[in-house]
Amino acid sequence: MTTTLNDFILPGAMVISAVPILVAAVLVARGHLHLVNGLDASRLRDPAATAARLGRLLAMVAIALLSSALGYYWAAGDQTRTIGVTIALLVVVNGLAVALMLATSKARRDYRDVPPDAKGTRDERTRRR
């Protein structure tokens, strides 16, 4: 079996696309929740648990992409294997995306009320969820 440069293009693209997600996972796990749909950590009941949950989900997306890079390298241009890896990637990443959306919406639903002395307009303090 001869390995050419073309055999590394798709796995390399998957590795490169996983790096920003992995960086975001580390930042979110360290408490930068504003990166996830503008979550306000000061209004969360337990920001550390939310940060850990969202960071873990983002890390799982990055792991799925890195695993797919290995799968594409294993497929080595075989169309049947490549299709199998692609379908598995689509199912896993989309499932994790749904889990991320549910976790984010749960965090927003659990927002604490803003105290009356908080800065901002009345509409900002009493906005509907």
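This write-up is about the structure you can find in this document.

About the criteria used
Within any chain, residue numbers begin from 1 and follow the written order of that chain's sequence. Two thresholds apply to this predicted model, a pLDDT of at least 70 for residue-level local features and 80 or more for giving and counting side-chain atom pairs, whereas whole-chain, interface and lining totals are computed over all residues. The basis for the side-chain values is all heavy atoms of the structure; hydrogens and waters are excluded. Salt bridges are defined by distance alone: a side-chain nitrogen of Lys or Arg within 4 Å of a carboxyl oxygen of Asp or Glu. Burial here depends on accessible area, computed with a 1.4 Å probe over protein chains only, as a share of the maximum for the residue type. Under 20% is buried, over 50% is exposed, and the range in between is partly exposed. Secondary structure elements are taken from DSSP: a helix is a run of H or I of four residues or more, a strand is a run of E of two residues or more, and numbering for both begins at the N terminus. One less than the number of residues in a helix, times 1.5 Å, gives the span that helix is expected to have. The contact criterion used is simple: two residues touch if any of their non-hydrogen atoms lie within 4.5 Å. Side-chain rings of Phe, Tyr and Trp, where Trp is taken by its six-membered ring, are said to pair if the distance between their centres is within 6.5 Å; with planes under 30 degrees apart they count as stacked, over 60 as edge-to-face, and otherwise as tilted. Patch membership requires more than 30% relative accessible area and the absence of a salt bridge. Residues of like charge join within 9 Å; the nonpolar side chains Val, Leu, Ile, Met, Phe, Trp and Tyr join within 5 Å. Every accessible area reported is derived by Shrake-Rupley at a probe size of 1.4 Å, with residue values counting cover from the shown protein chains alone.

**A closer look at the pattern of salt bridges**
Within this structure, the stated rule accounts for two salt bridges. One salt bridge in this structure joins Asp78 and Arg81, with 3.7 Å as the shortest N-O distance. Asp78 sits in the partly exposed class, given a relative accessible area of 34%. On the accessibility criterion, Arg81 (35% relative accessible area) is partly exposed.

**Considering helix H3 (residues 79-109)**
Taking 1.5 Å as the rise per residue, H3 with 31 residues should run 45 Å; its terminal C-alpha atoms sit 45 Å apart, in good agreement. Within H3, burial applies to Val85, Leu89, Leu96, Leu100, Ala103, Thr104 and Ala107. Among the structural elements, helix H1 (6-29) and helix H2 (47-75) are those in contact with the buried residues of H3.

**Brief notes about the side chain of Thr50**
Along the chain, Thr50 turns up in helix H2. A relative accessible area of 9% places Thr50 in the buried class.

**Quick word on the packing of aromatic side chains**
With the rule as written, the count across this model stands at one aromatic pair. On the basis of an interplanar angle of 20° and a centroid distance of 5.6 Å, the ring pair of Phe8 and Tyr73 is categorised as stacked. Of the two residues, Phe8 is situated in helix H1 and Tyr73 in helix H2; the sequence distance between them amounts to 65 residues. A residue is classified by how much of its surface remains accessible, and Phe8, at 42% relative accessible area, is partly exposed. Its relative accessible area of 42% is what places Tyr73 among the partly exposed residues.

**Details of a nonpolar patch on the surface**
The grouping of Val15, Val19, Leu22, Val23, Leu27, Leu35 and Leu66 at the surface amounts to a nonpolar patch, some 530 Å² of accessible area in total. At five residues, the largest contribution of residues to the nonpolar patch is made by H1. With respect to the element layout, Val23 can be found in helix H1. A relative accessible area of 46% means that Val23 is categorised as partly exposed.

Everything listed here is a matter of geometry and, on its own, says nothing about what the molecule does.
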